[in-house]
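# Structural features, examined
What follows is each chain in one-letter form.
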Amino acid sequence: MKKKTKLQALFNLLAPFLGLILVLVIFSMIPDVQSRFLRIANLKSVATQSVIVALGALGMTLIIISGGIDLSAASNIALSSVIAAYAINAGLPPLLGILLGVLTGGLVGFTNGALITELRLVPFIITLGMMGIARGLAKWIANNQKIDAPLSWVNELMAKSPRPSWLLLAPGVWLMIIFAVAMAVLLRYTVFGRHVFAIGSNEATARLCGVRTKRAKIVIYTLAGLFCGLSGVMEFSRLTVGDPTVAVGLELDIIAAVVIGGGSLSGGEGSILGSMIGVFIMAFLRNGCTMMGWPNYIQEIIIGVIIVAAVSLDQIRHRRNA
Amino acid sequence: MTSSNSNPVALEMRRITKNFGATCALADVDFAIRKGEVQALLGENGAGKSTLVKIISGALKPDRGVMSLDGRPYHPSDPLEGRRRGVSMIYQELNLAPHLTVEENIMLGREVHRGGFLRCKDIRKKIKETLEFLRHPEIGLDLPVRQLSVGARQIVEISRAIMDKAQILVMDEPTSSLAKEDTERLFQVIRKLKAEGVSIIYISHFLEEVQDVADAYAVLRDGKNVGAGPMAAATLEEIIQLMVGKKMTDLFPRLGHQQGSVLLSLKNLKGLRMSEPVSLDLHRGEIVGLAGLIGAGRTETLRAIFGLDAVEDGLIDVDGVKILKSRPWLMIDNGLGLMSEDRQGEGLALPRSLLDNITLSRFSPYKKFCFLSVKKRAQAAREWMQALKIKAQGPHQPVLSLSGGNQQKTALARLLHQDADVLLLDEPTRGIDVMSKSQIYEWMGRLAAEGKGILFVSSYFPELLGVCDRIAVFYRGRLVEVRPAGDWRDESLMAASTTGRA
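For clarity, every value in this text was computed on a predicted model and none was experimentally measured.

Criteria and thresholds
Residues numbered from 1 in each chain as written. Chains lettered and ligands numbered in written order. Predicted model: local features only at pLDDT ≥ 70, side-chain atom pairs only at ≥ 80, totals over all residues. Axes fitted to C-alpha atoms, helices over the stretch in contact; angles between N-to-C directions. Helix = DSSP H or I, 4+ residues; strand = E, 2+ residues; numbered from the N terminus. Parallel < 35°, antiparallel > 145°, perpendicular 65-115°, else oblique. Left-handed = near helix turned anticlockwise from the far one by under 90°. Contact = placed C-beta atoms within 7 Å. Nonpolar A, V, L, I, M, F, W, Y, C, P; charged D, E, K, R; others polar. Core = buried A, V, L, I, M, F, W, Y, C linked by C-beta atoms within 7 Å. Buried ≥ 20, exposed ≤ 12 C-beta atoms within 10 Å, placed from the backbone. Arc of directions from axis to C-beta. Pairing = 2+ DSSP bridges. Domains from an automatic or database assignment.

What follows covers the packing of helix α3 (residues 40-65) of chain A against helix α12 (residues 272-292) of chain A. Residues and elements named next belong to chain A. Taken N-terminus to C-terminus, the directions of α3 and α12 make an angle of 140°; their axes are 9 Å apart at the nearest point. Here α3 is positioned oblique relative to α12, judged by the angle of their axes. Viewed along their axes, α3 and α12 form a crossing whose handedness is right-handed. Only I272, S275, M276, V279, F280, A283, F284 and N287 of α12 make contact with α3, whose side of the interface consists of N42, V46, Q49, S50, V53, A54, A57, L58 and T61. Looking at the contact of α3 with α12 residue by residue, the class counts come to 11 nonpolar, 6 polar and no charged.

What follows covers the interface of chain B and chain A. The partner chain A presents 19 residues to the 19 residues of chain B that form the contact. A breakdown of the residues in the side of chain B that touches chain A according to their chemical character gives 9 nonpolar, 6 polar and 4 charged.

Let us now look at the nonpolar core. Counting residues in hydrophobic clusters, the biggest one holds 236 residues, and the most contacted among them are B:L169, B:Y202, B:L424, B:M444 and B:F456. Residues contacting B:L169, with those up to four places away along its chain left out, are B:S88, B:I90, B:A161, B:L193, B:V198 and B:I200.

On to helix α8 (residues 236-244) of chain B, then. All names here are of chain B. Residues of α8 that are buried include every one of I239, I240, L242 and M243, and no others. Projected down its long axis, α8 shows its buried positions confined to an angular sector of 160°, all on one face. Where α8 is buried, its residues contact β3 (38-42), α7 (207-213), β11 (216-221), β12 (224-230) and α17 (490-499).

Turning to unusual backbone geometry, a few remarks are in order. Residue and element names in this part refer to chain B. In the Ramachandran plot, E173 falls in the positive-phi region, its phi being about 45° despite a non-glycine side chain. Relative to the elements of secondary structure, E173 occurs in the loop between β9 (168-172) and α6 (180-195). Judged by the 20 C-beta atoms lying within 10 Å of it, E173 falls in the buried class.

On to the pairing of strand β24 (residues 478-484) of chain B, then. Residues and elements named next belong to chain B. Sheet topology note: the strand β23 (residues 470-475)/β24 ladder contains 6 bridges and is antiparallel. Bridge pairing in β24 places A472 opposite V482. Between β23 and β24, which follow one another and run antiparallel, lie 2 residues, and R476 among them has a positive phi close to 50°.

Our focus in this paragraph is the domain arrangement of chain B. How big an interface is tends to be reported as the loss of accessible area on association of its parts. Residues and elements named next belong to chain B. Domain annotation of chain B identifies domain 1 (2-244), domain 2 (251-335 + 421-436 + 447-502) and domain 3 (351-419). For domain 1 versus domain 2, the distance between C-alpha centres works out to 34 Å. In this assembly, 11 residues from domain 1 lie in contact with 9 residues from domain 2. Secondary structure elements with two or more residues in the side of domain 1 that touches domain 2: α7 and α8. Broken down by element, the residue count for the side of domain 1 that touches domain 2 peaks at 5 residues, all from α8. Considering only residue class, the side of domain 1 that touches domain 2 consists of 5 nonpolar, 4 polar and 2 charged.

Right, let's get into the sheet that holds strand β6 (residues 87-90) of chain B. The strands making up a sheet associate through hydrogen bonds between their backbones, and the pairing can be parallel or antiparallel. Residue and element names in this part refer to chain B. Spatially, 6 strands are ordered β6-β9-β10-β3-β11-β12 in an open sheet, and the strand pairing comes out mixed. At either margin of the open sheet sits one strand with a lone partner, and together these are β6 and β12. Neighbour-to-neighbour, the strand axes of the sheet open up by a mean angle of 20°, direction not taken into account. Note that β3 and strand β10 (residues 199-203) share 4 bridges and pair parallel. Its bridge partner being in β10, A40 is matched across the sheet by Y202. Across the sheet, helix α5 (residues 150-163) touches β6 and β9, and the angle it forms with β6 is around 175°. In this fold α6 packs onto β3, β9 and β10, with an angle of close to 145° to the strand it touches most, β10.

The structure is reproduced here in structure tokens:
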């Protein structure tokens, strides 16, 4: 009996990783790909490619657990990258440019949160509107072009081989790891984190129990916005230009990552670890498909299937537990 | 339980009045409860019990009247303030966050923390002690609440109230979804709380349980005090008499109708949400009333007949056609029609027009190839609007903008237009004005005279007595007894519905 429960505990611990392990195993068994797939250089490059979606997913996890959604994430990333490029191009010191980019994201998130709580409209509508507004603003500010900015240390953030070689991974990857740990701690060990779950699970009860739901929601969306801002800075760092047309449709990748990782669109469920695994499942799939020389559309079909399969498996697991 | 009679008064309410628009929910109601007392708050549906406890909890504010708690004025502006003053409510629909664990739910909104970081160790011990005090030490602190039984969830809510140091506990129908053993355990908990000096306001329709657990009772009828006293000094019959009051009977226009052959026959029908199988016959030209408390199995039976809930066992015989698995489309083909108790959520397509709503279940007369004639449908809708005296600007008006009575008549018009032989009416007169009610009764009589059969679910006994030929009473999922309407009285219906004994 006890052994069984221990085994079960081990299974539950590993369950979120199963999908990822499966993807890794499958690709490393294919002869053509085998030799390149698990190479350190390839792993590093997948990690670097994941940074932008992963940072967005940190905030999206928070939002989805609280029962909301953010469709403006990708537009926010584009706007923030444009603002950062604009500032640096105008001669501001790179650090200030980065800061402005991140704050822009935070401001968009704050606006989302404030509108959702004050107008009492569903997040889907507010952020759908914001999706257009932020994208439009980005194009306007960039005059519908890419903004060139002088190369600086900012562009090192996403370099596959970081300058001081002892870093091993790109600074952006380290930032992603640090923030992921911080968010996991926030969700698990703080009062705020618990309130996020409570709001998503039963908002009326949370309010009745004295949780300041409005304030919490504004904080949630602002935090998520800040992560989009940081993600935008990373986008700028990668491209070396501020491009207002970048990341179109990326919000769906971010949402997919959270959902693959066990987030429930009706709220109350989700985890940072799960979302990060979701990000890496998609990243490794893309990477593997590219190595196989499969066209883009095959990747799209596979990822579509993975989303449906992952969520339905999760449902089945839940139903058995309930 | 005379010991509590000498305790000081915990909560006192005087001359509480509350109006909703033109309707008066409470008129000069007095209420008082002592420390360590269990007081039953009784009355029929709509008597004002819910309004009164909402005022106690702080969810509603009275228009007039004063309240005091432990001798100090008590006027909560919201439930949160009520809880801070020690008044907690255990709702009928439980107020828990299903994804959170037992511990998280109990501590929600008052987490112990240092600099925002949770500190759980000490508090876990306290929660465990509380659960042990409530004699439910088996409830695991780390289980998500949605994995608990209804009874266990209730204990979690009570624990939350105790951790809140609640002095007044309001329980609204706490046993309606509990099994017998859980009910017994809940009563043990109530007795323990009482011994600790907690006052409990106990609302329930199950009078025998009330007699078992309460020290005193207060009865409301039509928003007024009609009686109160120690439980031991009153009999069930006296309390039922108080709840029911004296009623008039000429409200119900009766049309002579004669019974014919069996039209609908249920043979051990057991639907997904029914706890026991039901057998019942409905004849041509007959109105059979289904009485009982909410959740007793009346609505569940109608839904199984019509195929809205899956049928697990048994047989439905509609005028000789045997049906094993009912489906709404199939039942409509066989001449059945159902009017839902949830008029706004299920019964009507609110944003759509009268003509869409009335003709929705039978388009065939207006079809040419695959096109529908709006003109012909509007004409038909107009005729039914006239026949039922539905007040509206025209057939194109959205149902949303009609009054409750006219909405309900629209729902009835759909069944009439469908020309159903068997009408399943679920609370057709709930929440509508007297005039519309009387028109609906009249139509029911007319339909019976035409040889149609009607199953009529209602929580309002006088209308069942006034309209039906036979009345069947349900109690906790079981059909207790069917008798001719003349053999029932208000009191016996109430007794059978609340005790399960006819």
